[in-house]
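In case you want the letters, here they are:
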Amino acid sequence: MEGVRAKVNRHMTVVSDLYKLLPSVDTMLQQAELVRLLEKMGKAVVKTAIQTRLDIARQQIAGDDEDFAARLRSPNFDKCLAADIAAGIEQEFTSTLRPVFNLTGTVIHTNLGRSRFPPEAVSAMEMAANECINLEFDLASGKRGDRDSHIEAAICDICGAEAATVVNNNAAAVLLVLSTFAFGREVLISRGELVEIGGSFRIPEVMQSAGCKLREVGTTNRTHLKDFASAIDDNTALIMKVHTSNYEIRGFTESVPESALHELAGQHGIPFVSDLGSGTLVDLTRFGLPKEPTVSSELLRGADLVTFSGDKLLGGPQAGIIVGRRDLVDQLKKNPLKRALRIDKITLVALVAVINLYRDPERIGTRLPALSDLTRPLAEIEYMATQVEEGVRQALTGLATVTVEPCKSQIGSGSLPTELLDSMAIVCTPQAAKGKRDAALVALAKAFRALPRPVIGRVHDGRLLLDCRCLRDYSGFLEQLQSIALDKT
Ligand SMILES: *Cc1c(COP(=O)(O)O)cnc(C)c1O
């Protein structure tokens, strides 16, 4: 009979043999997989990863991990370990930002990065990233220049404005305006316009952080000119109008026309500012889209300043644009906050490229990806749906029934939520037994999101809808479907 001591001794010998089988860091550094990564990532990264993995291996030996011991004894252990380490490094250094298929049916989706850019903007961005550029340098005088100078004239030309400036996003534009003209003072705004946009932009909170005091005027559904007139006093700095982008009040409603607010503000020597949110530069009804106020019409109606986003219906990069009276824009430019909110060079060159496309309004609907998605002919969307229908059906055999059905897309980013666009969807209905359907639907949506290029659909009424309006690369979509991981038991 083997004594306890002998047993322990035998175990120790076996274990120390196993430790001896572990490759050294230097041996691992010579494995082909890791040599390749050495070139790409540098020695520090690869060495650390090897050491970390070998530490784990030692713990596996100490913990009597029998599976691991068996693998360690196999002749190709080093190679397998190298592949393992390489995969770990690749994963660690892969960006978590990835392209996705936006089949949500919301075209300008804030959580999915809003607008895609036209090629003109992409190549301008590449140039600005690769080269030094005259961002704030006046080539004629050799002196310091102004980054707005590259875009101001084009914006003014298209909107019919006296002056323009650009900042980081529209939230920043509103913040800059409020802080410049109403710091420590009061801003009048109709109660019906105290909105929250996209969860994080709430007009009352923006007012507060800009250091001004909000004075609500009128009621939620009706506000009259006399409500504004009686609220104005010496402490009033600004009258503000906010385009209630993402909701609509219907029925017994009344709001004050811009021209009347312009006149009232003028009488008191204060600016009247309109936050348009998703400002469009052209009348979108010409492309069959719902009517949205344009920036130029807002100026014509009497706004002294108009603020709007670069990446909503405009179809460009994230930016905030402020247009209007020269004297007011000059004051905005002098605010030190402007420096903190300034637009960066990559965004600026992209915005210039997009704004320039607007000089040819006839073709803007096809040249800007956001607008071409929004105006995509139904027949083309249906064609996309029929191209992928069978592939989806096969991938989901036994799990869900798959049909092609009409659906409605929305513009997104708070624009025109009540105006929907006719579209076509692949509709997946889980076949699970009653009581298990909700879980099956969640699993289905999750499996689509787990694909190499995640597919983001929309769950509605117990079904998963894949709206084909924004589907372009249908063969890429089909190819990866084969790897969808679904539990078919
Ligand atoms: C979207 C929106 C904003 C915020 O614009 P961002 O570009 O997202 O910063 C502000 N005001 C209105 C009315 C909006 O619709």
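That block above? That's the structure.
Residues numbered from 1 in each chain as written. Predicted model: local features only at pLDDT ≥ 70, side-chain atom pairs only at ≥ 80, totals over all residues. Heavy atoms only, no water.

K.L.:
So what's going on with the packing of aromatic side chains? Residues and values would help.
P.N.:
The description of an aromatic ring pair rests on the distance of the ring centres and on the angle between the ring planes. Under the counting rule described, the total for this entry stands at 3 aromatic pairs. The interplanar angle of 80 degrees and the centroid separation of 5.7 Å between the aromatic rings of Phe 68 and Phe 77 together place this pair among those described as edge-to-face. Take Phe 68 and Phe 77: they sit in the same class, and that class is buried. For the pair Tyr 383 and Tyr 474, a centre-to-centre distance of 6.3 Å together with 90 degrees between the ring planes defines the contact as edge-to-face. With Tyr 383 in helix H19 (residues 378-395) and Tyr 474 in helix H21 (residues 474-481), this residue pair connects regions lying 91 residues apart in the sequence. A residue is classified by how much of its surface remains accessible, and Tyr 383, at 43% relative accessible area, is partly exposed. On the basis of relative accessibility, which here comes to 24%, the residue Tyr 474 falls in the partly exposed class. Directly above the ring of Phe 101 sits Arg 453, whose terminal nitrogen or CZ lies 4.5 Å from the centroid. (Phe/Tyr/Trp six-rings, centres within 6.5 Å; stacked < 30°, edge-to-face > 60°. Buried < 20%, exposed > 50% of the residue type's maximum accessible area, 1.4 Å probe, protein only. Helix = DSSP H or I, 4+ residues; strand = E, 2+ residues; numbered from the N terminus. Lys NZ or Arg CZ within 6 Å of the ring centre and 35° of its normal.)

K.L.:
Before we move on, can you summarise the side chain of Thr 236 with the specific residues and values?
P.N.:
With respect to the helices, strands and loops of the structure, Thr 236 is situated in strand S9 (residues 236-242). On the basis of relative accessibility, which here comes to 3%, the residue Thr 236 falls in the buried class. Here the side chain of Thr 236 touches Asp 233 through a polar contact of 2.9 Å, landing on its backbone nitrogen. If we ignore the near neighbours within four places in the chain, the residues touching Thr 236 are Arg 185, Glu 186, Leu 188, Ala 231 and Ile 270. (Polar contact = N/O pair within 3.5 Å; in protein donor to acceptor, adjacent residues only side chain to side chain. Contact = heavy atoms within 4.5 Å.)

K.L.:
Describe the pattern of salt bridges, listing the residues and the values that go with them.
P.N.:
Applying the stated criterion across every chain, the model contains 38 salt bridges. Among the salt bridges present, the one from Glu 136 reaches Arg 144, with a minimum N-O distance of 3.2 Å. Owing to a relative accessible area of 68%, Arg 144 belongs among the exposed residues under this scheme. Where Glu 136 meets Arg 147, a salt bridge forms, and the shortest distance between an N and an O atom there is 2.7 Å. One end of the pair, Glu 136, is in the loop between helix H7 (119-130) and strand S2 (137-138); the other, Arg 147, is in the loop between strand S3 (143-144) and helix H8 (152-159), with 11 residues separating them in the sequence. For Glu 136, a relative accessible area of 23% corresponds to the partly exposed category. Here Arg 147 falls in the buried class, since its relative accessible area comes to 8%. In this structure, a network of salt bridges that share partners links the residues Asp 146, Asp 148, Glu 152, Arg 326, Asp 330, Lys 333 and Lys 338. (Salt bridge = Lys/Arg side-chain N within 4 Å of Asp/Glu carboxyl O.)

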